[in-house]
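Here is what each chain is made of, one letter per residue.
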Amino acid sequence: MDDGYFGESVAARYDQTSAEMFEPAAVEPAVDLLAELAGGGRALEFGIGTGRIALPLSRRGVPVHGIDLSRAMVARLRAKPGGDAIGVTIGDFATTRVDGGFSVAYLVFNTIMNLTTQAAQVACFRNAAAHLVPGGCFVIEVGVPDLRRLPSVPDGSRCRCPAAGTCPSGTSPPEVPFSLMQARWLARPLVALVVTASAALLISSVPAKPAHAETTFVVLQMNLCNSGLAIGTCYRFGRSVDEAVEKIHEYPPELVTLQEICRDDLYSPTGWGRLAQAMAGIYGSRHVSVDFVPAVDRDTNDWYRCTDDEPYGDALIYHYSGRGHQSGWYQSQDGSDEARAWTCATVIRARLTACTTHLSTDPDTAARQCRELRATLTESWVQPEVIVAGDFNLAARAGTHDVRRCAPAGYDRRGDGSVQHVFFTRNIQWMQGEHLPMRFTDHPLLYEKFRV
Ligand SMILES: C[S@@+](CC[C@H](N)C(=O)[O-])C[C@H]1O[C@@H](n2cnc3c(N)ncnc32)[C@H](O)[C@@H]1O
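Everything quoted here is computed from the prediction, not taken from an experiment.

Calculation criteria
- Residues numbered from 1 in each chain as written.
- Predicted model: local features only at pLDDT ≥ 70, side-chain atom pairs only at ≥ 80, totals over all residues.
- Helix = DSSP H or I, 4+ residues; strand = E, 2+ residues; numbered from the N terminus.
- Buried ≥ 20, exposed ≤ 12 C-beta atoms within 10 Å, placed from the backbone.
- Contact = placed C-beta atoms within 7 Å.
- Near = placed C-beta within 6 Å.
- Nonpolar A, V, L, I, M, F, W, Y, C, P; charged D, E, K, R; others polar.
- Pairing = 2+ DSSP bridges.
- Axes fitted to C-alpha atoms, helices over the stretch in contact; angles between N-to-C directions.
- Left-handed = near helix turned anticlockwise from the far one by under 90°.
- Core = buried A, V, L, I, M, F, W, Y, C linked by C-beta atoms within 7 Å.
- pLDDT = per-residue confidence, 0-100.
- Expected span 1.5 Å × (residues − 1).

**Looking at the overall build of the protein**
For step 1, the next point in the chain: Counting its regular elements, the protein contains 10 helices and 24 strands.
For step 2, the next point in the chain: For the protein, the residues scored as buried account for 47% of the 452 residues in total.
For step 3, the next point in the chain: In the protein, once contacts between residues fewer than 6 apart in sequence are set aside, the share between residues at least 24 apart is 65%.

Put into structure tokens, the structure is as follows:
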């Protein structure tokens, strides 16, 4: 058995790249709840990793055992103070059994998403139930959006909020699928579910919706400044890619639009690069597509390249495997050596085209490129609905360089208040959006959620 995605290279950086999740504000509420649910009994962590939750829980006096596929992650746990007090079994938490009964089993940090088939998730719930003593609980922490789209089932499972006011607003228990217990553990939009052993079996009988039937569509737009050329301004020695991976895990998107990346951020000699791997970790490798377009170096007539010699450019990474990629380089270019490009892909067949671009830093050129892109969106291969997200280097500010001047007719727009925008056809219903700071690049993350 190999270590899976969380092998040596990921394990070596895991605590650093997930630093925010190691903050007391993220850890302590989770540990409080788990210690309360353990109630003097034992706790079992599925996907124990480097011990982010298990170690502080163990320090509270709760005996903890873990199951994990990755020897590399577990080696990091073992090397930490108190690591030797925690028993770990190497194996798949969907099927691996350990001895004894547990008051609480838990699976946090969206790790359920590592199981990419319904059968594996059902097996995981059965496995949790099989380890619980009567009255024991199985706790799952996973992003809210997928939860809220699950179909409801009749009453019969236990429901409570851990403390008054801890249910997310508008989600009082009766409205919540399965009437599950909810707790807002973290400042970010995650929700914890706690189910009893019997409820776990109830959940396991609910059919999963196939991915292509999903209607909620999250877009993450990021300019990662990862060429290596901008040392002293925005380049941070690859850490923006780690940060983007964190964001993909934190806000599981259907579509990621990227600029200023290197091809090896998407593809490695052995498979996906880190950014694509992050999406594959959510949906499974076969359910993720990547569309990369390099900029052209007009001096050398070769690809424009990152300092590691990899082609540099823009990309789409998306859930689903629609077909039909179209890319191009603008007729209008500025005086620099970098020839700018756009790329589009059919993300949902016969339904949705997604595109990204990074326009010139010269406003006149950017405005002309934007108009070229607008014309491209009238071509016959473009599906009825369209989302275009990117760095336009133009703001939505009155004047000759107002990005709204090149907006295609029939499109709405959302932006980060600066130069990143998402245009979308009006049949696409916008649901929620925000822009969030990023530490290792000079643009915020633009998060937009739609119903497509
Ligand atoms: C995102 S990390 C979470 C680690 C830790 N629970 C935390 O909160 O920091 C996911 C962990 O689950 C493990 N994992 C993923 N899929 C697994 C599976 N099917 N069986 C066992 N472990 C798995 C990985 O090796 C990794 O250590």
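Picking up after the structure, the text goes on.
**Points about the site of the ligand**
For step 1, the next point in the chain: Surrounding the ligand, one finds 20 residues, the nearest of these being G47, G49, R52, S70 and N114.
For step 2, the next point in the chain: Its residues assigned to classes, the shell around the ligand comprises 11 nonpolar, six polar and three charged.

**Details of the pairing of strand β12 (residues 288-294)**
For step 1, the next point in the chain: Extensive coverage of β12 is indicated by the burial of six of its seven residues.
For step 2, the next point in the chain: Looking at chain direction, β12 and strand β15 (residues 312-319) are connected through seven bridges and run antiparallel. Its bridge partner lying in β15, V293 is registered against D314.

**What to know about the packing of helix α1 (residues 8-17) against helix α4 (residues 71-78)**
For step 1, the next point in the chain: Here α1 crosses α4 at 35 degrees, and the two axes come no closer than 8 Å. Pair α1 / α4 crosses with right-handed handedness. On α4, the residues that touch E8, A11 and Y14 of α1 are A72, M73 and R76.
For step 2, the next point in the chain: Looking at the contact of α1 with α4, its residues break down into four nonpolar, no polar and two charged.

**Considerations on the sheet that holds strand β14 (residues 302-303)**
For step 1, the next point in the chain: The strand order β14-β13-β17 describes an open sheet built from three strands, whose pairing is antiparallel. For this open sheet the edge positions go to β14 and β17 (338-339), each flanked by a neighbour on one side alone.
For step 2, the next point in the chain: Sheet topology places strand β13 (residues 296-297) next to β14; two bridges connect them, and they run antiparallel. Counterpart to D297 in the pairing with β14 is D302.

**Quick word on the nonpolar core**
For step 1, the next point in the chain: Within the largest apolar cluster, 70 residues are counted, with the highest numbers of intra-cluster contacts made by I317, A354 and I387.
For step 2, the next point in the chain: In terms of residues, this core owes the most to one element, helix α9 (residues 274-283), which gives six residues.
For step 3, the next point in the chain: Other than its neighbours up to four places away in sequence, I387 contacts V219, L255, L352, A354, V422, F424 and I428.
For step 4, the next point in the chain: Counting residues in each nonpolar core, the second largest holds 49 residues, with F6, M21, A105 and C124 among its members.

**Considering the sheet that holds strand β21 (residues 411-415)**
For step 1, the next point in the chain: Pairing in this open sheet of six strands is mixed, and the strands run β16-β18-β19-β20-β22-β21 from one edge to the other. With partners counted over all chains shown, the strands left at the sheet margins are β16 (325-329) and β21, one partner each. With direction set aside, neighbouring strand axes in the sheet form an average angle of 15 degrees.
For step 2, the next point in the chain: Here β16 runs beside strand β18 (residues 341-348); their pairing, made up of five bridges, is antiparallel. Looking at β18, one finds that W329 is bridged to A341.

**Regarding the confidence of the model for the protein**
For step 1, the next point in the chain: The predicted model of the protein averages 83 in pLDDT, with 83% of residues at 70 or higher.
For step 2, the next point in the chain: Element-level mean pLDDT values for the protein span from 24 in strand β6 (residues 181-183) up to 98 in strand β1 (residues 43-46).
For step 3, the next point in the chain: Low pLDDT, under 50, characterises residues 144-212; the stretch is placed with 115 contacts to residues that sit more than four places away or in other chains.

**A closer look at helix α8 (residues 239-250)**
For step 1, the next point in the chain: Taking 1.5 Å of rise per residue, the 12 residues of α8 would be expected to cover 16 Å, and the 16 Å separating its terminal C-alpha atoms lies within 8% of that figure.
For step 2, the next point in the chain: S240, V241, E243, A244, V245, I248, H249 and E250 are the residues of α8 that are buried.
For step 3, the next point in the chain: Considering only its buried residues, α8 is in contact with α1, β8 (216-223), β9 (255-262) and α9.

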